[in-house]
Amino acid sequence: MGIWDDLSKTITNAANVTAQKTKDIADLSKLSLSLNSKESSLTDLYTEIGKALVEDFSEQAPAELAEKLQQAEAIKQEMSDIRKKILVLKNIAVCPECATENELAAKFCINCGTKLAEPVAQAVLVDEEENVFEVVEDKIEEIIEKAEEKLDAVFDKDDVVEDAVEAVQEEVLEEKTEE
Ligand SMILES: [Zn+2]
């Protein structure tokens, strides 16, 4: 075998190795995609099973789950409150009979004609709007507080850095005076 044969063999081998590596990477990413999709299917299934169990067997739930069930109930209540606030802000009144969305000012449901509780809705509107602003204000206050905490932490760090720089400067000065 001549030198050219060896060279061409080496090149072919290198090309094969590269092709194999590319294929491996493609296979790997396919497999991890498939794993991710299986994982999310499993999570969906667990969620469905959990919901069904909560709906049908929550009274028989073991004690260690009671607290979590209470938390879930509280979150559901909060979600319902938030939904109401959204409807009020969107100027919508939902019919209690058929769940059709009507204008807040409507006296009767446009779908089934059920009388809508208009005066109450108006009172709720003002009340709920104030609540929404209160919630927003509280959130803003919370954010400002956190930002101030972060700023304080940064300033503390600045002090540490300053002290360190001063210490090094002093050391250098001392060494220079000794020389
Ligand atoms: Zn209706």
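Residues numbered from 1 in each chain as written. Predicted model: local features only at pLDDT ≥ 70, side-chain atom pairs only at ≥ 80, totals over all residues.

Turning next to the overall build of the protein chain. Scanning the protein chain for helices and strands turns up 3 helices and 2 strands. In the protein chain, the succession of helices and strands from N to C terminus is α-α-β-β-α. Expressed as a percentage of its 179 residues, the buried residues of the protein chain come to 2%. For the protein chain, contacts bridging at least 24 residues in sequence account for 17% of all contacts bridging at least 6. (Helix = DSSP H or I, 4+ residues; strand = E, 2+ residues; numbered from the N terminus. Buried ≥ 20, exposed ≤ 12 C-beta atoms within 10 Å, placed from the backbone. Contact = placed C-beta atoms within 7 Å.)

A word on helix α2 (residues 63–89). Every α-helix winds through 3.6 residues per turn, so residues three or four apart in the chain are directed the same way. With 27 residues, α2 extends 40 Å from end C-alpha to end C-alpha; this agrees with the ideal 39 Å at 1.5 Å per step. Burial of α2 is sparse: only 1 of the 27 residues sit out of reach of the surface. Backbone geometry just after α2 places Asn 91 at a positive phi near 65°. (Expected span 1.5 Å × (residues − 1).)

Looking now at unusual backbone geometry. Although it is not a glycine, Asn 91 adopts a positive phi angle of roughly 65°. Structurally, Asn 91 is set in the loop between α2 and β1 (92–94). Residue Asn 91 is classed as exposed on the basis of its C-beta count, with 12 C-beta atoms lying within 10 Å. For Ala 99, which is not glycine, the phi dihedral falls at a positive 65°. Inspection of the secondary structure assignment puts Ala 99 in the loop between β1 and β2 (101–103). Residue class for Ala 99 comes out exposed when judged on the 10 C-beta atoms lying within 10 Å of it.

Position of Val 94 among the secondary structure elements: in strand β1. For the pair Val 94 and Leu 116, spaced 22 residues apart in the sequence, the C-alpha separation amounts to 8.5 Å. Discounting residues that sit within four places of it in the chain, Val 94 has contacts with Leu 87, Ala 99 and Glu 101.

Per-residue pLDDT for the protein chain averages 83, and the proportion of residues at 70 or more is 90%. Between the elements of the protein chain, mean pLDDT differs from a low of 73, seen in helix α3 (residues 118–178), to a high of 90, seen in β2. A low-confidence stretch, residues 119–123 stays under pLDDT 50, and its non-local contacts, those more than four residues away or across chains, total 3 contacts. (pLDDT = per-residue confidence, 0-100.)

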